[in-house]
Amino acid sequence: MTTATGVAGAPSLATRIRPPRAVPWAALVAVAYAVAQLALVVPHLGLNWDETVYVSQVDPHRPAAFFSAPRSRGISFLTAPVLAVTGSTTALRIVLALLSAGALYAAYRVWRPLLGTRRTALASLLFAGLWTTLLYGPQAMPNLWVALSSVAAAGWFLRAVRFRTRQRAALLGLGVMVAAATSFRFSDGVWLALPLLAACALVPAWRRLAPALSVVAGLAAGSAEWVAEAYVRWGGIGARLHVSSATEGGMGLHWAAGLAWRSVDGPLLCRPCHAQLDHPQLALWWPALPVLVLAACAVAWRTRRVAVTVLPVACAAALSVPYLLLIDYSAPRFLLPAYALLAVPLATLAADGVRAIGRPRLRALAVALAAVPLVLHLGTQVHVLGRNVADVRATTGQYRTVANDLRRLGLSAPCLVTGEHAPPIGYYTGCASANVSGNNRDTTVPALLRRAAHEPTAALARTRSGPPHYARTWTPHRLPGTGLTAYVPSRHG
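Cut-off values and rules
Residues numbered from 1 in each chain as written. Predicted model: local features only at pLDDT ≥ 70, side-chain atom pairs only at ≥ 80, totals over all residues. Heavy atoms only, no water. Disulfide = S-S within 2.5 Å. Buried < 20%, exposed > 50% of the residue type's maximum accessible area, 1.4 Å probe, protein only. Helix = DSSP H or I, 4+ residues; strand = E, 2+ residues; numbered from the N terminus. Polar contact = N/O pair within 3.5 Å; in protein donor to acceptor, adjacent residues only side chain to side chain. Pairing = 2+ DSSP bridges. Axes fitted to C-alpha atoms, helices over the stretch in contact; angles between N-to-C directions. Salt bridge = Lys/Arg side-chain N within 4 Å of Asp/Glu carboxyl O. Contact = heavy atoms within 4.5 Å.

### Quick notes on the state of the cysteines
For the structure shown, the criterion picks out two disulfides. At a sulfur-sulfur separation of 2.0 Å, the disulfide partner of Cys270 is Cys273. In this structure, the disulfide formed by Cys270 and Cys273 twists by about 85° around the S-S bond and is classed as right-handed. Summarising the burial analysis for this pair, Cys270 and Cys273 share the class buried. Covalent S-S linkage joins Cys415 and Cys431, the inter-sulfur distance amounting to 1.9 Å. The sign of the S-S torsion, about -90°, decides the handedness of the disulfide formed by Cys415 and Cys431: left-handed. Taken as a pair, Cys415 in the loop between α18 (360-408) and β3 (416-419) and Cys431 in the loop between α19 (422-429) and β4 (432-434) lie far apart in primary sequence, 16 residues in all. For Cys431, a relative accessible area of 3% puts it in the buried group. Across the protein, the way the bonded cysteines pair up, counted in sequence order, is 1-2, 3-4. Its sulfur unpaired, Cys200 is 11 Å from the next cysteine sulfur, which belongs to Cys315. Among the residues examined, Cys200 registers a relative accessible area of 8% and is labelled buried.

### Observations regarding the side chain of Ser330
Along the chain, Ser330 falls in the loop between α16 (306-325) and α17 (336-355). On the accessibility criterion, Ser330 (4% relative accessible area) is buried. There is a polar contact of 3.3 Å between the side chain of Ser330 and the side chain of Ser263.

### Considerations on the sheet that holds strand β6 (residues 475-479)
The strand order across the open sheet built from five strands is β4-β3-β5-β7-β6, with neighbouring strands paired in mixed fashion. Lying at the two open borders of the sheet, with one neighbouring strand each, are β4 and β6. Looking at each pair of strands side by side, their axes are set apart by 30° on average, direction ignored. In this sheet, strand β5 (residues 457-462) lies alongside β3 in parallel orientation, the contact comprising four bridges. Following the sheet pairing, Thr418 is matched in β5 by Ala459.

### Focus: the pattern of salt bridges
Enumeration over the complete set of coordinates arrives at 13 salt bridges. Three or more residues joined by partner-sharing salt bridges are found here, namely Arg73, Glu225, Glu229, Arg233 and Arg240.

### Points about the environment of Gly252
Assignment of secondary structure puts Gly252 in the loop between α13 (237-247) and α14 (257-262). A C-alpha to C-alpha distance of 30 Å links Gly252 and Val392, two positions 140 residues apart in sequence. Discounting residues that sit within four places of it in the chain, Gly252 has contacts with Leu325, Leu326 and Ile327.

### Some words on the pairing of strand β7 (residues 484-488)
Taking burial as the measure, the five residues of β7 include five buried ones, the bulk of the element. Residues Leu484, Ala486 and Val488 of β7 are buried on one face, and the alternating residues Thr485 and Tyr487, pointing to the opposite face, are buried as well. Sheet topology places β5 next to β7; four bridges connect them, and they run antiparallel. What sits directly across from Arg462, in β7, is Leu484. Here β6 runs beside β7; their pairing, made up of five bridges, is antiparallel. Looking across to β7, one finds that Leu479 is bridged to Leu484. The loop that links β6 with its antiparallel partner β7 comprises four residues; one of these, Gly481, has a positive phi angle of about 80°.

The values reported here are purely geometric and, on their own, carry no functional implication.
The structure is reproduced here in structure tokens:
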């Protein structure tokens, strides 16, 4: 007996022949990103200076370090659930590595209806392959999270203004992502909002109230805590911005692009910036970046894909302004939001270049040839990553060494550390930190001396510099291998 579909009991031809499943390229990139972090970064890093400030705000086992005016608390809130469960740095690193990989996938996934599957995956690969992206994925630092929030915000904006279906979801995503970027770094949230609002005003087809309201609502929600703290601690938004400018060395017109170029492969903080590139050939991608972006814009104009190219470029340019034009120092992490956004037009440029080749065999050859410089680029990024991981490990290792020495001198909670590198060393020691000068000044000499009279205290200074003026009568204890001397009130010595 037969059926319409063939021999009885046998599967039909339609059942046996199934279309091949699409390769989940973006998911594979995210998995590779997580694996690379877990293998190359997580096992080697202690908490750096800035991280100890951020995590101390929500660490139930350590006093909170001074939180300066330019900082925002988004990254502290992100790490709070982990710190409530465990104080393990390794556990925190693993959780952040997995979260950042998931966020990478989610942020670029927003662009899939706009770009297609392969362009989206390539964009995420271009960003994930940078050494800065790998290094800061498992770190409690805000820049990477601003970057991924900005990518998602730009994508949701375009989906909100271009597609009529599921507009509510797009508007909600836009507002949430602007809020997230602003909560991680208030100033970056403002710079991100500017080109989005300008697009609503300047592009006739996008002159709708809903996207603009979503951006404004996200900015307001993300900045609410920062604004409230401005009034509680500094007396208002203007006062906090003034203090923030002073902390940054005086915000004004500075040409910092040269500093960014010299520090593109490190050091992690170039302040003051006297660094020189040891191997400029490893950083040639950086000066090539604006040339490629301009080429992407030109191709987009000819192919009528202007929106998906120009908007991320505009957002990247806006987010770069304070770090290239308004400060006189540099750090490679500052430009992570720009790199994340520029990955979108670069991926589009590469895809358009391949599609322009008509013959399939030539197209396959072009893809293979293009893969060679991409692999070389990723390899150089891993090389630079190893060097910077080693630098971070050495620095945080010194913090641990000093903390162990201070414990041997009798410092145990409640205790106080002041002077050189006080915030991170205080965190590692389990002590509060305070300073009477510099960007982290949060107390006065009389207040510090009153506190030192009641709890174990150490003033740290470089050995060659001698003691702070308020600790001239305190007992010095050289800390071998660190270049520091701890000055302890005699009753604690």
